Amino acid sequence: MNLEDLEPLLLRAERVLERLEAWLPRPLGAPDWELSTAFRYRRRQGMGRLEPVRHVSTIQLADLHEIEPQKERLWRNTAQFVAGQPANNVLLTGARGTGKSSLIKACLNTFADQGLRLIEIDKADLVDLPDVVELVSRRPERFIVFCDDLSFEEGESGYKALKSILDGSVAAASDNLLIYATSNRRHLLPETMKDNLSYQHTEDGELHPGEVVEEKISLSERFGLWISFYPFSQPEYLAIVAQWLSHFGLDAAAIEAARPEALVFALERGSRSGRVAYQFARDLAGRRALDSGGGSA
């Protein structure tokens, strides 16, 4: 077979290789770190990448009310981390709409000028977390990997990847990275009645959890700091409403007059939370501005 006969075969082989290369996993590429203080991990066509967040939330710690103990604990842990001191991975759990995610975003804005950066990653992509850890390990910035509304069902692959990074893998996470996660449940895995059957009773009456229960609580125990959030009382809810209405420019008399409407709004939503208070304030402020002729035609 001469060279001319081989050329079509070589061209065909090159096309096959090009197609195969498109499917092969590629190393996670670094983004332009100057474009933002926050990044999202996204997987597209089998390849992961970090995308800069163009419009980062501007919420500040001073905007968050009625969660002072939680605010103090997360601020202190983050301050230690940014200063290069020992700090813990954090699990923020509890009632929905009470400021868990907002508190993390506010900490980013507080410490961004000191080199803090945030990487948001969905639980479905946690299997790629080791690649993210490796990518940032030699960067001078301090990184928080943010997992919002984290919970797992039985057998999900991201569970073991996160567990290994938190504590248990031969390759430890670099000291410039922490994981902050929020969840509505403390143990992150569903708990069922049959789990109680695995508890064991000793001769002296002590109760010990079985292997099933131990496995379900082992992930949350790997977070060094737990911060719990609780439903707001009516006075706390109204205080948050007042703070947001003031933020939107309403005076004291208008804020006082809005109290009954704010309570009805919460009753209709079935929740007294910071999120509901913010939503009510936006709604009321927007309606008042429109009624006063402040809207655009």
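Residues numbered from 1 in each chain as written. Predicted model: local features only at pLDDT ≥ 70, side-chain atom pairs only at ≥ 80, totals over all residues. Heavy atoms only, no water.

**Q** Please provide a residue-by-residue account of the sheet that holds strand E9 (residues 225-229), values included.
**A** In spatial order, the strands read E2-E1-E4-E5-E6-E3-E9; together these seven strands make up an open sheet with mixed pairing. Looking along the sheet, the strands with just one partner apiece sit at the ends: strand E2 (47-52) and E9. On average, each strand axis in the sheet is tilted by 25 degrees relative to the strand beside it, whichever way the strands run. Taken together, the three bridges between strand E1 (residues 38-44) and strand E4 (residues 116-120) define a ladder with parallel strand orientation. Within E4, the residue paired with Ala 38 across the bridge is Leu 118. Those strands touched by helix H2 (residues 68-82) are strand E3 (90-94), E4, strand E5 (142-147), strand E6 (177-183) and E9, and its axis lies near 150 degrees from that of E9. Where helix H3 (residues 100-111) meets the sheet, its contacts fall on E1, E3, E4, E5, E6 and E9, and the angle it forms with E4 comes to roughly 145 degrees. (Pairing = 2+ DSSP bridges. Helix = DSSP H or I, 4+ residues; strand = E, 2+ residues; numbered from the N terminus. Axes fitted to C-alpha atoms, helices over the stretch in contact; angles between N-to-C directions. Contact = heavy atoms within 4.5 Å.)

**Q** An account of the nonpolar core is needed here, citing residue identities and associated values.
**A** Counting residues in each nonpolar core, the largest one holds 47 residues, and the members touching the most others are Leu 74, Leu 92, Tyr 237, Leu 245 and Phe 280. Aside from chain neighbours lying at most four places away, what touches Leu 92 is Leu 74, Lys 100, Leu 103, Ile 104, Ala 181, Thr 182, Ser 183, Ile 227 and Phe 229. Membership of the second largest hydrophobic core comes to 26 residues, among which are Ile 121, Leu 126, Leu 129 and Cys 147. (Core = buried A, V, L, I, M, F, W, Y, C linked by side-chain atoms within 4.5 Å. Buried < 20%, exposed > 50% of the residue type's maximum accessible area, 1.4 Å probe, protein only.)

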